[in-house]
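Single-letter residue listing:
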Amino acid sequence: MAAPDPDPDPTPRAEDADEDVTRLVLVTGPSGAGRSTAIHVLEDLGYEAIDNLPFSLIPRLLDGPPRPTPLALGLDVRNRDFSATAVIELIDRLTRHPGYAPEVLYLDCDSSTLVRRFNETRRRHPMAEAGAPMDGIEAEKDLLAAIRARADVLVNTSDMSPHDLKTELARFFDTGETQRLTVSVQSFSYKRGVPRGIDIMFDCRFLDNPHWQPDLRAKDGRNDAVQAHIRADSRFDEFFTRVRDLILFVLPAHLAEGKTHVAIGFGCTGGQHRSVTLTELMAAALAEQGWQVSKRHRELERRAADAAHHAISASTPQGTQI
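Now for a quick tour of the structure. A quick note: this is a predicted structure, and the numbers were derived from the prediction, not measured. (Residues numbered from 1 in each chain as written. Predicted model: local features only at pLDDT ≥ 70, side-chain atom pairs only at ≥ 80, totals over all residues. Heavy atoms only, no water.)

Some words on the overall build of the protein chain
Now for step 1: Counting its regular elements, the protein chain contains ten helices and nine strands.
Now for step 2: Per-residue burial for the protein chain yields a buried fraction of 43% across its 322 residues.
Now for step 3: Counting contacts in the protein chain only where the partners sit at least 6 residues apart, residues at least 24 apart contribute 76% of the total.
Now for step 4: Carbon and sulfur atoms provide 50% of the accessible area of the protein chain, an area that totals close to 17000 Å². (Helix = DSSP H or I, 4+ residues; strand = E, 2+ residues; numbered from the N terminus. Buried < 20%, exposed > 50% of the residue type's maximum accessible area, 1.4 Å probe, protein only. Contact = heavy atoms within 4.5 Å. Areas by Shrake-Rupley, 256 points an atom, 1.4 Å probe, with all protein chains shown as cover.)

As structure tokens, this is what we get:
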């Protein structure tokens, strides 16, 4: 059964709707068509996303006062008590509910592409216990035909990459209310190795090291005197300016690619002076440009945790277990 082409702007956006009405997206479609990716995209767009909730619990979820954020529910054949009739009844109920503005997002895909995807991932189709994937794919499509006909937004993912799908869904469901890229600026010590999860890394060990100044050795890069010492290095200004401009150049590209988080690391020998200074100053510079920025000083955190542990150990009588 062919579904009508989705309207380019099928429903009013959340900001145009009544503030007492919760936008609700029901996400469904055949297994392998991209439903899990769509749920993650909607979550990144500011939706409260819930996947594979048993149907018996959905009425309890939907009862109650209006929600402050839009809601996305993932529905597929793995849901307990799933049936096309149950989904149609849910759609009808939500359409009559004064507190919700429901939309059905149906992710479709041609059967040959679904077979290829299941073969590549070596996953078993949920409706083909012992048979070939194509048997389960065709059975599932027949089961979902009535739901497909009720779709408000129909997206065929056959020729789409995950990035293409993110872009397409943002066109329909972006609430315009969330900062979609957060930036974490972190300092670390090369003595402990490069931390996992860093996307962009800079080595600041070439800068003058305050460790060799007796009056600065015990301080860290959050201290004004330490920062002044490092900034007095003739190479600092150009290094900082070039790195800042590079980061400001690449962040919009990461945002356009659909990333939601970028971690930037500054490393030095001990993770106490130079890397901390660069982290403090770069985080402030990026925040001034409107980016959502958080800071983390890995080595200082470790030292604070060690100091707290030693303090607790010293205050605990011998023989006492904690």
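Remarks on the sheet that holds strand β9 (residues 292-297)
Now for step 1: Taken together, the four strands give an open sheet; going across it, the order is β7-β8-β6-β9, and neighbouring strands pair in parallel fashion. At either end of the open sheet lies a strand with only one pairing partner, and these are β7 (200-203) and β9. Between one strand axis and the next, the sheet turns by 20° as a mean value, whatever way the strands run.
Now for step 2: For β7 and strand β8 (residues 261-268), the ladder comprises four bridges, and the chain directions are parallel. Counterpart to Asp 203 in the pairing with β8 is Gly 267. (Pairing = 2+ DSSP bridges. Axes fitted to C-alpha atoms, helices over the stretch in contact; angles between N-to-C directions.)

Quick word on the sheet that holds strand β5 (residues 153-156)
Remark on secondary structure: sheet strands pair via backbone hydrogen bonds, oriented parallel or antiparallel.
Now for step 1: Judged by pairing direction, the sheet is parallel, and its five strands sit side by side in the order β2-β3-β1-β4-β5 without closing on themselves. Sheet topology places β2 (48-51) and β5 at the edges, where each strand pairs with a single neighbour. Taking each pair of neighbouring strands and ignoring which way they run, the sheet shows an average axis angle of 20°.
Now for step 2: In this sheet, strand β3 (residues 71-74) lies alongside strand β1 (residues 22-28) in parallel orientation, the contact comprising four bridges. Paired with Val 27 across the strands is Gly 74, a residue of β3.

Things to note about the packing of aromatic side chains
Now for step 1: For the structure on display, the rule yields six aromatic pairs.
Now for step 2: When the ring of Phe 55 is compared with that of Phe 82, the centres are 6.0 Å apart and the planes differ by 75°; the resulting orientation is edge-to-face. Of this pair, Phe 55 sits in the loop between β2 and α2 (58-62) while Phe 82 is found in the loop between β3 and α3 (84-96), placing the two residues 27 residues apart along the sequence. The burial state of Phe 55 is the same as that of Phe 82; both residues are buried.
Now for step 3: Between the aromatic rings of Phe 188 and Tyr 190, the centroid separation amounts to 5.0 Å while the plane-to-plane angle is 65°, which identifies the pairing as edge-to-face.
Now for step 4: Sitting over the ring of Tyr 190, Arg 205 keeps its end group 3.8 Å from the ring centre. (Phe/Tyr/Trp six-rings, centres within 6.5 Å; stacked < 30°, edge-to-face > 60°. Lys NZ or Arg CZ within 6 Å of the ring centre and 35° of its normal.)

Quick notes on helix α7 (residues 224-231)
Now for step 1: Along α7, the residues that are buried comprise Val 226, Gln 227 and Ile 230. Each buried residue of α7 sits inside an arc of 95° when the element is viewed along its axis, so together they form one side.
Now for step 2: Summarising the contacts, the buried residues of α7 are in contact with α8 (236-256) and α9 (274-288).
Now for step 3: Two to three positions downstream of the cap, the backbone nitrogen of Ala 225 sits 2.8 Å from a side-chain oxygen, assigning the N-cap of α7 to Asn 223. (Arc of directions from axis to C-beta. Polar contact = N/O pair within 3.5 Å; in protein donor to acceptor, adjacent residues only side chain to side chain.)

Some details on unusual backbone geometry
Excluding glycine, most residues fall at negative phi; most peptide bonds, likewise, are trans.
Now for step 1: One non-glycine residue with positive phi stands out, namely Asn 52, at about 60°.
Now for step 2: Within the secondary structure, Asn 52 sits in the loop between β2 and α2.
Now for step 3: The exposure class assigned to Asn 52 is partly exposed, which follows from its relative accessible area of 27%.

Side note on the pattern of salt bridges
Now for step 1: Here the structure, examined in full by the defined rule, presents 18 salt bridges.
Now for step 2: Of the charged contacts, one joins Glu 168 and Arg 171 as a salt bridge, the two residues approaching to 3.0 Å between their closest N and O atoms. Here the residue Glu 168 and the residue Arg 171 both occupy positions in helix α6 (residues 162-173), the gap between them amounting to three residues, near one helical turn.
Now for step 3: Its relative accessible area of 42% is what places Arg 171 among the partly exposed residues.
Now for step 4: In this structure, the salt-bridge partner of Asp 203 is Arg 205, at a minimum N-O distance of 2.7 Å.
Now for step 5: Judged by relative accessible area, which is 31%, Asp 203 ranks as partly exposed.
Now for step 6: One continuous salt-bridge network, built from bridges that share partners, spans Arg 192, Glu 299, Arg 302 and Arg 303. (Salt bridge = Lys/Arg side-chain N within 4 Å of Asp/Glu carboxyl O.)

Here we look at the packing of helix α1 (residues 35-44) against α6
Now for step 1: Contact geometry for α1 and α6: axes closest at 10 Å, N-to-C directions at 50°. In terms of axis orientation, α1 runs oblique to α6. Considering only the axes of α1 and α6, their crossing is right-handed. Residues Thr 37, Ala 38, Val 41 and Leu 42 of α1 form the contact with α6, whose own contacting residues are Leu 165, Lys 166, Leu 169 and Phe 173.
Now for step 2: Looking at side-chain class alone, the contact of α1 with α6 contains six nonpolar, one polar and one charged residues. (Parallel < 35°, antiparallel > 145°, perpendicular 65-115°, else oblique. Left-handed = near helix turned anticlockwise from the far one by under 90°. Nonpolar A, V, L, I, M, F, W, Y, C, P; charged D, E, K, R; others polar.)

Regarding helix α5 (residues 133-148)
Now for step 1: Taking the largest bend as the criterion, α5 deviates by roughly 35°, centred on Asp 142.
Now for step 2: Within α5, burial applies to Gly 136, Ile 137, Glu 140, Lys 141, Leu 144, Ile 147 and Arg 148. (Bend = angle between axes of the 7 residues up to and from the residue.)

Quick word on the packing of α3 against α5
Now for step 1: It is the contact of α3 with α5, at a shortest axis distance of 9 Å, that shows an interaxial angle of 15°. The orientation of α3 relative to α5 falls into the category roughly parallel. The handedness of the crossing between α3 and α5 is right-handed. The residues of α5 that touch α3, namely those facing Ala 84, Val 87 and Ile 88, are Leu 143, Ala 146 and Ile 147.
Now for step 2: Here the contact of α3 with α5 is composed, by residue class, of six nonpolar, no polar and no charged.

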